[in-house]
Amino acid sequence: EADIYQTPRYLVIGTGKKITLECSQTMGHDKMYWYQQDPGMELHLIHYSYGVNSTEKGDLSSESTVSRIRTEHFPLTLESARPSHTSQYLCASTSSDTDTQYFGPGTRLTVL
Amino acid sequence: GENVEQHPSTLSVQEGDSAVIKCTYSDSASNYFPWYKQELGKGPQLIIDIRSNVGEKKDQRIAVTLNKTAKHFSLHITETQPEDSAVYFCAARKVTGRRALTFGSGTRLQVQP
């Protein structure tokens, strides 16, 4: 069982609102990731972090931003939500000495 | 960058039959290939993985085969059960660097009782 958590699990919000999706892991993993999952299932990397104070953009362009102030915490922020941001957001983590990447349960975001 | 293609997109089998899902990858530097199962409302869960120095790996009813020369790998599920119904993703990754996974587009497996 993976010790990686995401809150909220579901969020319905109006256009223009600022939102933060929370992700935390208790496994001491140095590397963390955010993926966006299309309604058609495909997962795309939008952000990743090698460790504290390290953040990089992924393969899919995203208007969201991330921060990594603590090892266990990797929040994702949207300053002004739009309907095009409606999607499932999945957080994941791994460490340098293991292959396995663990996923959280996801946050399903709907922007009206 | 890496590109992973996965087929078929949907697969329906009768309970007890076998299911096979195939993936190809483009980057010869990729050397780690996991398979994830995603059930409705949940995040993906690792079910089996294989490294490039191994050709086959088995765990009970699940097996993965890898052909490095052809750059393809496959998931085999035998004696399928209704609880195997889910979306399955293959992925590829280089061991060095950012260690992020590149995913296939997913296969929706339906096991008919």
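Residues numbered from 1 in each chain as written. Chains lettered and ligands numbered in written order. Predicted model: local features only at pLDDT ≥ 70, side-chain atom pairs only at ≥ 80, totals over all residues. Heavy atoms only, no water.

Enquirer: Any chance you could break down the overall build of chain B for me, citing the residues and the numbers?
Expert: Within chain B, the regular secondary structure consists of 0 helices and 11 strands. Each helix and strand of chain B, placed in order from N terminus to C terminus, yields the pattern β-β-β-β-β-β-β-β-β-β-β. For a compact globule of 113 residues, the expected C-alpha radius of gyration is about 13 Å, and chain B comes in at 14 Å, within 12% of that figure. Taking the principal axes of its C-alpha atoms as reference, chain B extends roughly 45 × 30 × 20 Å. Residues counted as buried form 47% of the 113 residues belonging to chain B. (Helix = DSSP H or I, 4+ residues; strand = E, 2+ residues; numbered from the N terminus. Rg over C-alpha atoms; globule rule 2.2 N^0.38 Å. Buried < 20%, exposed > 50% of the residue type's maximum accessible area, 1.4 Å probe, protein only.)

Enquirer: Can you tell me about the overall build of chain A, naming the residues and giving the values?
Expert: Helix and strand content of chain A: 0 helices and 11 strands. The order of α-helices and β-strands along chain A, N terminus first, is β-β-β-β-β-β-β-β-β-β-β. The globule rule puts the C-alpha radius of gyration for 112 residues at 13 Å, and the 13 Å found for chain A is close to it. By the burial criterion, 47% of the 112 residues in chain A qualify as buried. In chain A, the share of contacts with a sequence separation of at least 24, taken over all contacts with a separation of at least 6, comes to 53%. Accessible area for chain A stands at about 5,200 Å²; split by element, carbon and sulfur atoms hold 50% of it. (Contact = heavy atoms within 4.5 Å. Areas by Shrake-Rupley, 256 points an atom, 1.4 Å probe, with all protein chains shown as cover.)

Enquirer: An account of the nonpolar core is needed here, citing residue identities and associated values.
Expert: W35(B), F73(B), L75(B), Y88(B) and L109(B) are the most contacted members of the largest nonpolar core, which has 24 residues in total. Listing elements by their share of this core, those giving two or more residues are β2 (10–14), β3 (19–25), β4 (32–38), β5 (45–51), β7 (62–67), β8 (72–77), β9 (86–92) and β11 (107–112) of chain B. One finds I4(A), L21(A), M32(A) and L78(A) within the second-largest nonpolar core, a separate group that totals 17 residues. (Core = buried A, V, L, I, M, F, W, Y, C linked by side-chain atoms within 4.5 Å.)

Enquirer: Pulling in residues and values, what's your account of the sheet that holds strand β6 (residues 56–59) of chain B?
Expert: Residues and elements named next belong to chain B. Taking strand neighbours across the sheet as the criterion, the 5 strands line up as β1-β3-β8-β7-β6 in an open arrangement whose pairing is antiparallel. This sheet does not close on itself; its edge strands, each paired only once, are β1 (4–7) and β6. The average angle at which neighbouring strand axes cross in this sheet is 15°, direction not considered. (Pairing = 2+ DSSP bridges. Axes fitted to C-alpha atoms, helices over the stretch in contact; angles between N-to-C directions.)

Enquirer: Just give me the short version of the interface of chain B and chain A, but keep the residues and values in it.
Expert: At the junction of the two partners, chain B supplies 25 residues and chain A supplies 25 residues. Interface of chain B and chain A: buried area, both sides summed, is about 1,900 Å²; carbon and sulfur atoms make up 49% of it. Inspection of the chain B/chain A interface yields 0 salt bridges. If you list the elements that add at least two residues to the side of chain B that touches chain A, you get β4, β5, β9 and β11 of chain B. Residue composition of the side of chain B that touches chain A, grouped by class: 9 nonpolar, 9 polar and 7 charged. (Buried area = accessible area lost by both parts, 1.4 Å probe. Salt bridge = Lys/Arg side-chain N within 4 Å of Asp/Glu carboxyl O. Nonpolar A, V, L, I, M, F, W, Y, C, P; charged D, E, K, R; others polar.)

Enquirer: Talk me through the environment of P8(A); I want residue IDs and the actual numbers.
Expert: Residue and element names in this part refer to chain A. As for its placement among the helices and strands, P8 is situated in the loop between β1 (4–7) and β2 (10–13). We classify P8 as partly exposed; its relative accessible area is 28%. Remark: the alpha-carbon pair of P8 and E22, spanning 14 residues in sequence, is separated by 7.2 Å. In this structure, P8 is in contact with T20, L21, G106 and T107, ignoring residues within four places of it in sequence.

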